[in-house]
Amino acid sequence: MNLLEMKGVSKIYGNVHALQNIDLIVEQGEWLAIMGPSGSGKTTMMNIVGCMDKASRGSVILHGVNISQESAKNLTAIRRDKIGLIFQQFHLINYLTALENVMVAQYYHSIPDEAEALRSLERVGLKDRAKHLPSQLSGGEQQRVCIARALINYPMLILADEPTGNLDEANEKIVLDILKQLHKEGSTIIVVTHDPEVADEAQRTVVLEHGKIARIVRNNKEV
Amino acid sequence: MLVALLAVAIGATVLSGMVTVYYDIPRQMGQEFRSYGANLILVSSGDNPALSIEETERAKEYFPAGSVVGVAPYRYKTAKINEQPFMIAGTELSEAKKASPYWFVNGGWPESAGEALIGQEVADTIRLLPGGSFTLTGTSTDGGSFTRDFSVSGIIQTGGTEEAFIFMSLEDLDNLIGAGAFDVVECSISATEAELNNIAAQISENVPGVAPRLVKRVTQSEGAVLAKLQSLVYLVTAVVLLLTMICVATTMMAVVAERRREIGLKKALGAANKSIINEFLGEGVFLGGLGGLLGVALGFVFAQFVSVNVFHRSITLQPMLIPATLIMSFIITGLACLAPVRSATDVDPAIVLRGE
Ligand SMILES: Nc1ncnc2c1ncn2[C@@H]1O[C@H](COP(=O)(O)OP(=O)(O)OP(=O)(O)O)[C@@H](O)[C@H]1O
Ligand SMILES: [Mg+2]
């Protein structure tokens, strides 16, 4: 079943064509990587899929809903219920502990549940760091908190924009292992990366250039 | 945040302080104004041209307890010194002193029988100084004549008609001309013009033979001064509240700007605009409540300080002022938060969460 269908999607900022006529289908349970030079439109595409931004043209159907035509209010609700976001800069709230940062996502979704938030931290191997503030955690640990937060509401799609961009190799491997595990459990993942090693783990890699899909690589083989 | 709290506290302080002073001014100033002399006089309305002691006492029952500053009855009579006629006024000297505190006495008030206060004009005419003496001659009410020596205890200066009078105690006058009724009773009452009108109406209705008159010159200028003072207080309070609002709005704006990333993140995590609004309004309400409470307490201290230093009197806390100040603080912070909250809902997560 197709989780995501993009048809003729363009995004235009003034005279910048950040995305041009994108057609892409992502199946449920697929792990997709997006690569491309800086400014090629990777983040723009993630924002459109993640209901943070609207396409200027074309249709985006996420889980049967045409999100290119929804109101901002509905997009917020869809994002809350269906999407888990992982950021390059982690974006943790600095005065809240790791556990509380995870619970923030629960708070806006339903109700905070400390035991469940702890389990989510346990999945990323941070159970013993639950009471630490972001400033007391390493970059890799902060990214794992960010992942635990993204997972807490069981999203049907995980979007990660350069999740290992700020991490060293050891931490990159830890994060990658978590993503692998999630994929094994059936999560659909789209990850933007500059790192071929990260892209190698995906089933397909979409390469963007100047807002267009230059090529799609499946298991390291040109399609 | 602390700045905003301080601003609200100061705003509420000024508000509650000023309101307290505002409501206290009439009372405070009422006392002060009493130094301008009598504001209500009683004269006879009946056929009998004078007021009896009983009539006076009955009229006095209508004066509100505690607000009477002085009630001085006067009896007038002409008499001669060296064949020159002068007006003599017999009064209760201690009451006259209270009712007319603006009299300036060079020397002292009479302390024993046979002493009199003379007006400056009289003193000039007969060339007398405090300590000097003069002889009064005249006819008493029963037709007989009298001659008696008086010593001058002091000379009064008022700039008004009193300077042409000779003042002595009622007892001294009664001894000279025989007991009798009052020509006029001058009353100094600490009350507003409206209250005085009310008192006057009650007296003329219930006490036959007594005609109360307001001293318009005094009561009206009091009213005008009070109105001006109160509108000044009003204006100052309004300006301070406006400043408070601007300060809170600026601080909240800065708080929102500082937390744009956090707001963007919360939105990305699915926070509806409503949640964001509630969070900031919650902070505003907290700010308003805490600032308001601080303001009530500080405002009372402030009002007390003003009152003690300016009016030399302490004040009592008006219980109604506590909820009123709190509500006002909520309204002010609420209004001040409108624009900042709006700008918080305008945060676009896609933009603020984009890489640095
Ligand atoms: N809000 C915006 N207003 C105007 N132009 C924008 C906006 N957001 C993105 N762009 C432009 O759109 C293009 C694509 O940007 P995007 O962030 O998607 O690139 P990217 O592939 O994610 O790059 P990077 O690898 O550096 O993150 C860029 O030229 C960028 O300048
Ligand atoms: Mg990007």
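Keep in mind that this is a model prediction, so the values were computed, not measured.

Draft legend 1. Expanded view of the overall build of chain A. The secondary structure content of chain A amounts to 7 helices and 11 strands. In summary, chain A has a C-alpha radius of gyration of 17 Å against a globular reference of 17 Å for 223 residues, a match within 12%. If one aligns the C-alpha atoms of chain A with their principal axes, the spans along those axes are about 45 × 40 × 35 Å. With 223 residues in all, chain A has 55% of them scored as buried. By sequence separation, contacts in chain A at least 24 residues apart represent 68% of the contacts at least 6 residues apart. Of the roughly 10,000 Å² of accessible surface on chain A, a fraction of 48% belongs to carbon and sulfur atoms. Distance from the positive charge centre (24 side chains) to the negative charge centre (27 side chains) of chain A: 5 Å.

Draft legend 2. Summary view of the overall build of chain B. If you tally the helices and strands in chain B, you get 11 helices and 10 strands. When the backbone C-alpha atoms are referred to their principal axes, chain B occupies close to 115 × 45 × 25 Å. Taken over 356 residues, chain B has a buried fraction of 47%. Carbon together with sulfur atoms contributes 60% to the accessible area of chain B, which is approximately 17,300 Å² in total.

Draft legend 3. Inspection of the packing of aromatic side chains at higher detail. Scanning the entire structure with this criterion turns up 8 aromatic pairs over all chains. Ring centres of Y107(A) and Y108(A) lie 4.9 Å apart, and the angle between their planes is 70 degrees; on these two criteria the pair is classed as edge-to-face. Under the relative-accessibility criterion, Y107(A) is labelled partly exposed at 47%. Counting every residue linked through ring pairs, the aromatic cluster contains Y74(B), Y76(B), W103(B), W109(B), F165(B) and F167(B).

Draft legend 4. Highlighting the pairing of strand 2 (residues 16-27) of chain A. All names here are of chain A. Across 8 bridges, the pairing between strand 1 (residues 2-13) and strand 2 is antiparallel. Bridge pairing in strand 2 links N2 to E27. Connecting the antiparallel pair strand 1 and strand 2 is a turn made up of 2 residues, with G14 showing a positive phi of about 55 degrees.

Draft legend 5. Molecular detail of helix 8 (residues 260-268) of chain B. Residues and elements named next belong to chain B. Most of helix 8 sits inside the fold, with 7 of its 9 residues counted as buried. All of the buried residues along helix 8 are E262, I263, G264, L265, K266, K267 and A268. In the stretch just after helix 8, G270 is the one whose phi turns positive, near 110 degrees.

Draft legend 6. Broad picture of the environment of F150(B). Residue and element names in this part refer to chain B. Here F150 is to be found in strand 7 (residues 145-157). Here the alpha-carbon distance between F150 and G114, two residues 36 residues apart in the chain, equals 5.0 Å. Look past the residues within four positions of F150 in its chain and what remains in contact with it is G114, E115, A116, G132, S133, F134, L136, M168, D172 and L176.

Draft legend 7. Here's a closer look at the interface of chain B and chain A. Between chain B and chain A, the contact holds 19 residues from the first and 19 residues from the second. Roughly 1,700 Å² of surface becomes buried between chain B and chain A when both sides are summed, with 59% attributable to carbon and sulfur atoms. Area buried by chain B at its contact with chain A is led by L265(B), L269(B) and R354(B), which between them contribute 33% of it. Across the contact surface, chain B and chain A share 0 salt bridges. Of all the secondary-structure elements, those providing two or more residues to the side of chain B that touches chain A are helix 8, helix 9 (273-311) and helix 11 (349-352) of chain B. Here the side of chain B that touches chain A is built from residues that sort into 8 nonpolar, 3 polar and 8 charged.

Draft legend 8. Layout of the nonpolar core. Membership of the largest hydrophobic core comes to 96 residues, with the highest contact counts inside it found for M6(A), I34(A), L62(A), L121(A), I190(A) and F280(B). Sorting elements by how many residues they give to this core places helix 3 (residues 98-109) of chain A first, with 7 residues. Core analysis: the second largest hydrophobic core is formed by 21 residues, A79(B), I118(B), I126(B) and F150(B) among them.

Draft legend 9. Quick peek at the sheet that holds strand 2 of chain A. Residue and element names in this part refer to chain A. Taken in spatial order, the 4 strands make up an open sheet running 2-1-4-5, and their pairing is antiparallel. Edge strands, defined here as strands with exactly one partner in the open sheet, are strand 2 and strand 5 (65-66). Packing against the sheet, helix 1 (residues 42-49) makes contact with strand 1, strand 2 and strand 4 (57-62), and its axis sits at approximately 125 degrees to strand 1.

Draft legend 10. Spotlight on a nonpolar patch on the surface. Residues and elements named next belong to chain B. A grouping of L235, V239, L242, L243 and I246 is seen on the molecular surface, where their side chains present a nonpolar patch of about 490 Å² in accessible area. Mapped onto the elements of the fold, L235 is located in helix 7 (residues 216-258). Judged by its relative accessible area of 55%, L235 falls in the exposed class.

Draft legend 11. Structural detail: the site of ligand 1. The environment of ligand 1 is formed by 14 residues, the closest being S38(A), K42(A), T43(A), T44(A) and R354(B). Those residues lying near ligand 1 are distributed over chains A and B. Within the contact set of ligand 1, an oxygen atom lies 2.4 Å away from a side-chain nitrogen or oxygen of R354(B). Coverage of ligand 1 by the protein chains reaches 66% of its 630 Å² of free accessible surface. Among the elements of the structure, strand 2 and helix 1 of chain A are those that each provide at least two residues to the shell around ligand 1. Sorting elements by how many residues they give to the shell around ligand 1 places helix 1 of chain A first, with 3 residues.

Draft legend 12. Spotlight on the pattern of salt bridges. Using the criterion set out here, one finds 18 salt bridges over all chains in the structure. Salt bridges linked by common partners bring K173(A), D177(A), K180(A) and E201(A) together as one network.

Draft legend 13. Here's a closer look at a negative patch on the surface. Residues and elements named next belong to chain A. Together, D168, E169, E197 and D200 line one region of the surface with negative charge. Summarising the element assignment, D168 is placed in the loop between strand 7 (157-161) and helix 6 (169-184). A residue is classified by how much of its surface remains accessible, and D168, at 44% relative accessible area, is partly exposed.

What counts, and at which threshold
- Residues numbered from 1 in each chain as written.
- Chains lettered and ligands numbered in written order.
- Predicted model: local features only at pLDDT ≥ 70, side-chain atom pairs only at ≥ 80, totals over all residues.
- Heavy atoms only, no water.
- Helix = DSSP H or I, 4+ residues; strand = E, 2+ residues; numbered from the N terminus.
- Rg over C-alpha atoms; globule rule 2.2 N^0.38 Å.
- Buried < 20%, exposed > 50% of the residue type's maximum accessible area, 1.4 Å probe, protein only.
- Contact = heavy atoms within 4.5 Å.
- Areas by Shrake-Rupley, 256 points an atom, 1.4 Å probe, with all protein chains shown as cover.
- Lys, Arg positive; Asp, Glu negative; His and termini not counted.
- Charge placed at Lys NZ, Arg CZ, Asp CG, Glu CD.
- Phe/Tyr/Trp six-rings, centres within 6.5 Å; stacked < 30°, edge-to-face > 60°.
- Pairing = 2+ DSSP bridges.
- Buried area = accessible area lost by both parts, 1.4 Å probe.
- Salt bridge = Lys/Arg side-chain N within 4 Å of Asp/Glu carboxyl O.
- Nonpolar A, V, L, I, M, F, W, Y, C, P; charged D, E, K, R; others polar.
- Core = buried A, V, L, I, M, F, W, Y, C linked by side-chain atoms within 4.5 Å.
- Axes fitted to C-alpha atoms, helices over the stretch in contact; angles between N-to-C directions.
- Patch = residues over 30% accessible without salt bridge, like charges linked within 9 Å, V, L, I, M, F, W, Y side chains within 5 Å.
- Near = heavy atom within 4 Å.
- Polar contact = N/O pair within 3.5 Å; in protein donor to acceptor, adjacent residues only side chain to side chain.

In short, geometric facts, not functional conclusions.
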